[in-house]
Amino acid sequence: MSTTDAPLTPDALQRHWSLRLLPSWARPYGRLMRLERPVGWQLLLYPCLFGSLLASIALEAPIAWNHLGLFFLGSIIMRGAGCTLNDVVDRDIDAKVARTAQRPIPSGEVGARQAAIFLTGLLVAGFAILVTFNMLTIAVGIGSLALIAIYPFMKRITNWPQLVLGLVFAWGALVGWTAQVGTLSWELSGLWGPTNLAAPNAWAMVCAYFACVLWIVGFDTIYAFQDLEDDALAGVGSSAQALGRRAPLFITFSYAAFIALMGAAMAFVGAGILSFAGLVAALAHLAWQVKTLDLSDASGCLHRFRSNGRVGLLLTLGLALDAFL
């Protein structure tokens, strides 16, 4: 049984601390932020970690632990802001979909006006974290706001909202890299010669960013198969609808391209064997996902979606050990 007074979505952790420890008045706001579904902020955090750790390896510099801590807080806050915005925009659609009808706004626990005020507070907190970084990173962070703003509307006009989500969630790779490097150099070093320690080339950052985009589109397509019928009834689009039976092939391609591009990013920065060991471990896990995937099994889709947290962890451990040693 859940410790919250309201029914939870099937992908919530029924015994999460936010459902037990937050005061009763704050629990609906915790659910607006999806605190009881932590894999979301984890998947937002990992691209930040990839970018920062790749930069540490390129610069042969210590891991920027203070940056990683700020990325941790920022990911929770900005994931919460994005979810709150999404729920305000989608409140009528959510009421028609079985999995989302019990969210705080469609269920009546939180009004749209209250949610908008809460969203403002989250954005202010996120900006307060962003301004602690250098000017390039601040500019990069602000540049993500347009994508964040349009994402909730994409399902109304396209079957590929997952692509826009990928562009948003992967943005952390750009933030993590620029926070550590502070400048952009497009000199082709690293892959074909020694890394420029003063200004490692930004192609590593670009490869990491698009790698994460493809990874996110792949696993969010798996997630979308949970709502395939409800989305069709509500009149909203998804990559699951667009792909149909071709989805396993597309997911396989997305994951393979993710691994290839991350490998290229590692090569650009002169990463060592530990980074590539993490990459191989991540590849093995993704191969398991694809091999065992049954898109007609909603609970299986949810399990494989969640397991991408392990993929991010494997890659992060490999990069972190490489940077540390």
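See above for the structure.
Not measured: the values here are computed from a predicted model.

Peer 1: Account for the pattern of salt bridges, with residues named and values stated.
Peer 2: Overall, the coordinates contain five salt bridges when judged by the stated rule. Among the salt bridges present, the one from D87 reaches R34, with a minimum N-O distance of 2.7 Å. Highlighted residues: D87 in helix 4 (residues 65-89) and R34 in the loop between helix 2 (27-32) and helix 3 (39-59), separated in sequence by 53 residues. The buried category is assigned to D87, whose relative accessible area is 0%.

Peer 1: Outline the environment of G300, supporting the account with residue identities and numerical values.
Peer 2: Take G300: it is sitting in helix 16 (residues 298-306). A sequence separation of 11 residues divides G300 from Q289, and the C-alpha atoms of the two residues are 9.8 Å apart.

Peer 1: Run through helix 3, naming residues and quoting values.
Peer 2: Taking 1.5 Å per residue as the helical rise, helix 3 with its 21 residues ought to reach 30 Å, and the 30 Å between its terminal C-alpha atoms agrees with that figure. For helix 3, the tally of buried residues reaches 20 of 21 residues, placing the bulk of the element in the interior. Trailing helix 3 by a residue or two, E60 shows a phi angle of about 50 degrees, which is positive.

Peer 1: An account of unusual backbone geometry is needed here, citing residue identities and associated values.
Peer 2: Phi is positive for R34, close to 60 degrees, though the residue is something other than glycine. For R34, a relative accessible area of 3% gives the class buried. The phi dihedral of E60 falls on the positive side, at around 50 degrees, and the residue is not glycine. Position of E60 relative to the elements: it lies in the loop between helix 3 and helix 4. For E60, a relative accessible area of 65% puts it in the exposed group.

Peer 1: So what's going on with the side chain of Q162? Which residues, and what values?
Peer 2: Inspection of the secondary structure puts Q162 in helix 9 (residues 161-169). Within polar-contact distance, the side chain of Q162 engages the side chain of D220 at 3.5 Å. Filtering out sequence-adjacent residues up to four positions away, Q162 remains in contact with V217, D220, T221, A224, S238 and S239.

Peer 1: Give a detailed account of the packing of aromatic side chains, specifying residues and quantitative values.
Peer 2: Where two aromatic rings form a pair, the distance of their centres and the angle of their planes describe that pair. Under the definition given, this model contains 12 aromatic pairs. Ring plane angle 70 degrees and centroid distance 5.0 Å describe the contact between Y209 and F210, whose orientation is recorded as edge-to-face. F210 sits in the partly exposed class, given a relative accessible area of 42%. With centroids separated by 5.6 Å and ring planes inclined at 65 degrees, the aromatic side chains of F219 and F305 adopt a geometry described as edge-to-face. You can see F219 sitting in helix 11 (residues 203-224) and its partner F305 sitting in helix 16, a full 86 residues away along the chain. For the pair F219 and F305, a shared accessibility class is recorded, and that class is buried. Pairwise contacts between aromatic rings join Y46, F50, W215, F219, Y223, F258 and F305 into one cluster.

Peer 1: Which residues make up the nonpolar core, and what values do they have?
Peer 2: Among the nonpolar cores identified, the biggest contains 86 residues, and L54, W177, W215, F258 and M262 are the most heavily contacted of them. Filtering out sequence-adjacent residues up to four positions away, M262 remains in contact with F50, L54, A208, A211 and L279. Listed in part, the six residues of the second largest apolar core include Y29, L32, V88 and V110.

Peer 1: I'd like a rundown of the packing of helix 16 against helix 17 (residues 308-324), residues and numbers included.
Peer 2: In contact at an axis separation of 4 Å, helix 16 and helix 17 are set at 15 degrees when each is read in the N-to-C sense. One finds that helix 16 runs roughly parallel with respect to helix 17. Of the residues in helix 17, those touching helix 16 at H303, R304, F305 and R306 are N308, G309 and R310. Residue classes in the contact of helix 16 with helix 17 are distributed as one nonpolar, three polar and three charged.

Peer 1: An account of the side chain of S56 is requested, with residue identities and associated values reported.
Peer 2: The residue S56 is located in helix 3 in this model. For S56, a relative accessible area of 1% gives the class buried. Ignoring sequence-local partners within four residues, the contact set of S56 consists of A61, P62, I63, A64, Q180 and A323.

Peer 1: Would you mind going over the packing of helix 9 against helix 11 in detail, with residue names and values included?
Peer 2: It is the contact of helix 9 with helix 11, at a shortest axis distance of 8 Å, that shows an interaxial angle of 135 degrees. Compared by their axis directions, helix 9 and helix 11 come out oblique. Along this stretch, helix 9 crosses helix 11, giving a crossing that reads as right-handed. Judged by residue contacts, Q162, L163, L165, G166, L167 and F169 of helix 9 engage Y209, V213, I216, V217, D220, T221 and A224 from helix 11. Within the contact of helix 9 with helix 11, the residues separate by chemical class into nine nonpolar, three polar and one charged.

Peer 1: Describe a nonpolar patch on the surface, and please don't skip the residues or the numbers.
Peer 2: A cluster of nonpolar side chains, contributed by W65, I273, L274, L321, F324 and L325, occupies part of the molecular surface with about 750 Å² of accessible area. Secondary structure elements with two or more residues in the nonpolar patch: helix 15 (273-292) and helix 17. As for its placement among the helices and strands, L274 is situated in helix 15.

Cut-offs used in this document
Residues numbered from 1 in each chain as written. Predicted model: local features only at pLDDT ≥ 70, side-chain atom pairs only at ≥ 80, totals over all residues. Heavy atoms only, no water. Salt bridge = Lys/Arg side-chain N within 4 Å of Asp/Glu carboxyl O. Helix = DSSP H or I, 4+ residues; strand = E, 2+ residues; numbered from the N terminus. Buried < 20%, exposed > 50% of the residue type's maximum accessible area, 1.4 Å probe, protein only. Expected span 1.5 Å × (residues − 1). Polar contact = N/O pair within 3.5 Å; in protein donor to acceptor, adjacent residues only side chain to side chain. Contact = heavy atoms within 4.5 Å. Phe/Tyr/Trp six-rings, centres within 6.5 Å; stacked < 30°, edge-to-face > 60°. Core = buried A, V, L, I, M, F, W, Y, C linked by side-chain atoms within 4.5 Å. Axes fitted to C-alpha atoms, helices over the stretch in contact; angles between N-to-C directions. Parallel < 35°, antiparallel > 145°, perpendicular 65-115°, else oblique. Nonpolar A, V, L, I, M, F, W, Y, C, P; charged D, E, K, R; others polar. Left-handed = near helix turned anticlockwise from the far one by under 90°. Patch = residues over 30% accessible without salt bridge, like charges linked within 9 Å, V, L, I, M, F, W, Y side chains within 5 Å. Areas by Shrake-Rupley, 256 points an atom, 1.4 Å probe, with all protein chains shown as cover.

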